[in-house]
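In case you want the letters, here they are:
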Amino acid sequence: MDSLLLLPSGAPFRIDQVTSSPALLGGLVFGQLLLASLLQATGQRRPLGLWWVGFGLMLGLETLFFGLASWGTSDIAKLNVFFALDRAGQTVGEPFWALAGPLVLRLPYRMAAVHGLVAAGYGAAAMLLARHWGVPALAGWWSLLITASPLLRGLLQNGQTRQALAVLLILPLMLRVARLLSIRMPLLAGSVLWSALCHTSFPANLGFALAPVLVRGQGRGQRLRQIPRLGWWVALAALGVGGLLGLLAPALRTKLHDYTGAMTFFSHYAVRREVLALELCMGLSVLGTAWRRQLGAAQLAACDRSRLLLLFGLLYGTLQATVWWEWFPQITFRLADPVGLFLLISFLAWLHRYRAHSLVLPLLLVTLASWLLERVLPSGQLPCGHNDEFLCIPDRMPWLIRY
């Protein structure tokens, strides 16, 4: 284990075997734009055979883009080495990675490939929601809105693969609790337990996913905010999660102590200009729809999706405040991305409720402008090889990499 001392104890790392390639990355982004257009065209036709072809191609491009672009990030570089030296990859309190470690070593570019697959999972979630809600033509645009969003910069653009997977796996619980999607209990229980094994942020993610219970209204004879009766699968999942939290408690305490004590690093991603612009677009879209539909405050308050949107908007705003005024920002900035994902999903669900799908366009334009014009195309100016940077890709084929 002395070889572990060769790596620095924290970021940033200097990462070699990297280069910048704005032409390649820009081409992959333009390919996704073309596929989003294809999905829009085929989604308006029946049957949806060609739509599923576009769906698969979109996932392939997202996997390739994020897999290559994450190669130059610290977490990817660290885990690529750690998994070769230690089966658990130094991921204390995250037992799933002890099982996945040998598989990671067999993948091209190792953890970078895993990150590409996880990022594509976010795109798949957006497209499948569009398909389930009866608007498959919007699937590609929703996918780009999620995967390229500055609200998810930490998870998807900083190579935080383990937390990103944990959040993706807890998303079905949020959708079920918010009554946005009906998911079978066995699948839901398995997803939640898997999430618990992936990252020590699970307690916070679980709390965010269950938060919609607080704003659920009356429906089908149920009382206001009444939690539905637990079935066997839910009870078993609760017991399993409780047992896991008990087993992982020492690791959770250690990590919390490190974050509040020794670690002072945090980012201002949650309060960057493009994030504030997205929030402004969301607010204007809601106000514009309310004015056009003649919705008053009482009608909005009675709408469960309006309350859901307000809930995650307030949660995200609170986390932004903690980063801005630096109230334990080394912890709270890591929690902003999961809430940002749930906020985007809640916004899409709100637009779908009021059939205002076109009002996603301002958010999409802000997202793509910051993504393509400010990050991807200027990536040739990044100091690849002298720092850890997203959008610095491998400079050689997978079988020529020296780990």
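The rules we used
Counting of residues starts from 1 at the beginning of each chain's written sequence and follows it residue by residue. With pLDDT at 70 or above as the cut-off, local features in this predicted model cover only qualifying residues; side-chain atom pairs require 80 or more to be listed or tallied, and sums for whole chains, interfaces and linings still use all residues. Heavy atoms from the whole structure form the basis of all side-chain values; hydrogens and water molecules are not counted. The way it works is that DSSP assigns letters per residue, a run of H or I at least four long becomes a helix, a run of E at least two long becomes a strand, and they are numbered from the N terminus. Relative accessibility decides the category of a residue: with a 1.4 Å probe and only protein chains considered, values under 20% of the type maximum give buried, values over 50% give exposed, and everything between is partly exposed. Residue contacts follow a heavy-atom distance rule, with two residues in contact if any of their heavy atoms lie within 4.5 Å. Per-residue and other accessible areas follow the Shrake-Rupley method at a 1.4 Å probe size, with only the shown protein chains counted as cover for residues. In plain terms, two cysteine sulfur atoms within 2.5 Å form what is called a disulfide here. Definition of nonpolar core: a set of buried residues of the types Ala, Val, Leu, Ile, Met, Phe, Trp, Tyr and Cys, connected through side-chain atoms within 4.5 Å. Polar contacts, as counted here, are pairs of nitrogen or oxygen atoms within 3.5 Å of one another; within protein the pair requires one atom able to donate a hydrogen and one able to accept it, and residues that are adjacent in sequence qualify only if both atoms are side-chain atoms. Aromatic contacts are taken between Phe, Tyr and Trp rings whose centres are within 6.5 Å, Trp giving its six-membered ring; a plane angle under 30 degrees counts as stacked, one over 60 as edge-to-face, and the others as tilted. Only when the NZ atom of a Lys or the CZ atom of an Arg is both within 6 Å of the ring centre and within 35 degrees of the ring normal do we say a charge sits over the ring. Fitting a line to C-alpha atoms yields each axis, with helices limited to the stretch in contact; the angle taken between N-to-C directions then spans 0 to 180 degrees. Here the word oblique covers every angle except those under 35 degrees (roughly parallel), over 145 (roughly antiparallel) and from 65 to 115 (roughly perpendicular). Helix crossings get a hand from a simple test, with the near helix turned counterclockwise from the far one by less than a right angle marking a left-handed crossing and a clockwise turn marking a right-handed one. Each residue receives one of three labels: charged for Asp, Glu, Lys and Arg, nonpolar for Ala, Val, Leu, Ile, Met, Phe, Trp, Tyr, Cys and Pro, and polar for the others, Gly being one of them. pLDDT: the predictor's confidence for each residue, scored from 0 to 100. In the sections that follow, a salt bridge refers to a side-chain nitrogen of Lys or Arg positioned within 4 Å of a carboxyl oxygen of Asp or Glu.

Undergrad: I'd like to hear about the overall build of the protein, residue by residue, with values.
TA: Summing up its helical and strand segments, the protein has 16 helices and two strands in all. The buried share among the 403 residues of the protein stands at 54%. Of the contacts made within the protein by residues no fewer than 6 positions apart, 79% connect residues no fewer than 24 positions apart. Total accessible area on the protein is roughly 18,900 Å²; 65% of this is exposed by carbon and sulfur atoms.

Undergrad: Pulling in residues and values, what's your account of the state of the cysteines?
TA: Counted by the stated rule, this structure contains one disulfide. Sulfur-sulfur distance for the disulfide between C384 and C392 comes to 2.0 Å. Across the S-S bond linking C384 and C392, the dihedral sits near -80°, which makes this disulfide left-handed. There is no split in this pair, since C384 and C392 are both buried.

Undergrad: Describe the nonpolar core, with residues and values.
TA: Core analysis: the largest hydrophobic core is formed by 124 residues, its most contacted members being F65, Y122 and M174. With 14 residues, the single largest contributor to this core is helix α15 (residues 329–353). Not counting chain neighbours up to four residues away, the residues in contact with M174 comprise L180, A209, P212, L308, F312, F342, I345 and S346.

Undergrad: Outline the environment of S370, listing residues and values.
TA: With respect to the secondary-structure elements, S370 resides in helix α16 (residues 361–376). When the C-alpha atoms of S370 and V275 are compared, they prove to be 9.8 Å apart, with 95 residues separating the residues in sequence. Contacts of S370, omitting those with residues within four sequence positions, involve P150, E274 and R375. A distance of 3.0 Å separates a polar atom in the side chain of S370 from the backbone oxygen of T367.

Undergrad: Let's hear about the packing of aromatic side chains: which residues, and what values?
TA: With the rule as written, the count across this model stands at 15 aromatic pairs. Judged by centre distance (5.3 Å) and plane angle (70°), the rings of W52 and F55 are edge-to-face. Placement of the pair is W52 and F55 together in helix α2 (residues 49–69), with a separation of three residues, close to one helical turn. In this arrangement the basic side chain of R305 is found over the ring face of W133, its NZ or CZ atom lying 5.8 Å from the centre.

Undergrad: Kindly report on the packing of helix α8 (residues 161–177) against helix α9 (residues 185–198), identifying the contributing residues and their values.
TA: It is at 8 Å that the axes of α8 and α9 come closest, and there the two elements cross at 150°. Classed by the angle they form, the pair α8 and α9 counts as roughly antiparallel. Both α8 and α9 take part in a crossing whose hand is left-handed. Contacts between α8 and α9 involve R162, L165, A166, L169, I170, P172, L173 and R176 from the first element and M185, L188, S191, V192, W194, S195 and C198 from the second. Looking at side-chain class alone, the contact of α8 with α9 contains 11 nonpolar, two polar and two charged residues.

Undergrad: An account of the side chain of T147 is needed here, citing residue identities and associated values.
TA: Turning to its location among the elements, T147 is positioned in helix α6 (residues 139–147). Judged by relative accessible area, T147 falls into the buried class, the value being 2%. Apart from the residues within four sequence positions on either side, T147 is in contact with E62, F66, A119, Y122, G123 and L156.

Undergrad: Break down the confidence of the model for the protein for me, with residues and values.
TA: Looking at the protein, pLDDT values average 85 and 83% of them are 70 or higher. Element-level mean pLDDT values for the protein span from 57 in helix α11 (residues 232–262) up to 97 in α6. Here residues 1–5 is a poorly scored stretch, pLDDT under 50, and it has six contacts once near neighbours within four places are set aside; other chains count.

Undergrad: How would you sum up the pattern of salt bridges? Please name residues and give values.
TA: Applying the stated criterion across every chain yields a total of six salt bridges. Across the pair E94 and R162 runs a salt bridge, and its minimum N-O distance is 2.7 Å. A residue pair is termed long-range when its members are at least 10 positions apart, and E94 in the loop between α3 (74–85) and α4 (96–104) and R162 in helix α8 qualify at 68 residues. The pair E94 / R162 is uniform in exposure class, with both members buried. The closest approach of N and O atoms between D395 and R396, which form a salt bridge, is 2.8 Å. Residue classification places D395 among the partly exposed positions, given a relative accessible area of 37%.

Undergrad: Kindly report on the packing of α8 against α15, identifying the contributing residues and their values.
TA: In helix packing, the relevant descriptors are the interaxial angle and the interaxial distance, both defined with respect to the helix axes. One way to put it is that α8 packs onto α15 with a least axis distance of 11 Å and a crossing angle of 40°. Viewed along their axes, α8 and α15 adopt a mutual orientation that is oblique. Handedness of the crossing formed by α8 with α15: right-handed. Contacts between α8 and α15 involve Q163, V167, I170, L171, M174 and L175 from the first element and R334, P338, L341, F342, I345 and S346 from the second. Split by residue class, the contact of α8 with α15 holds nine nonpolar, two polar and one charged.

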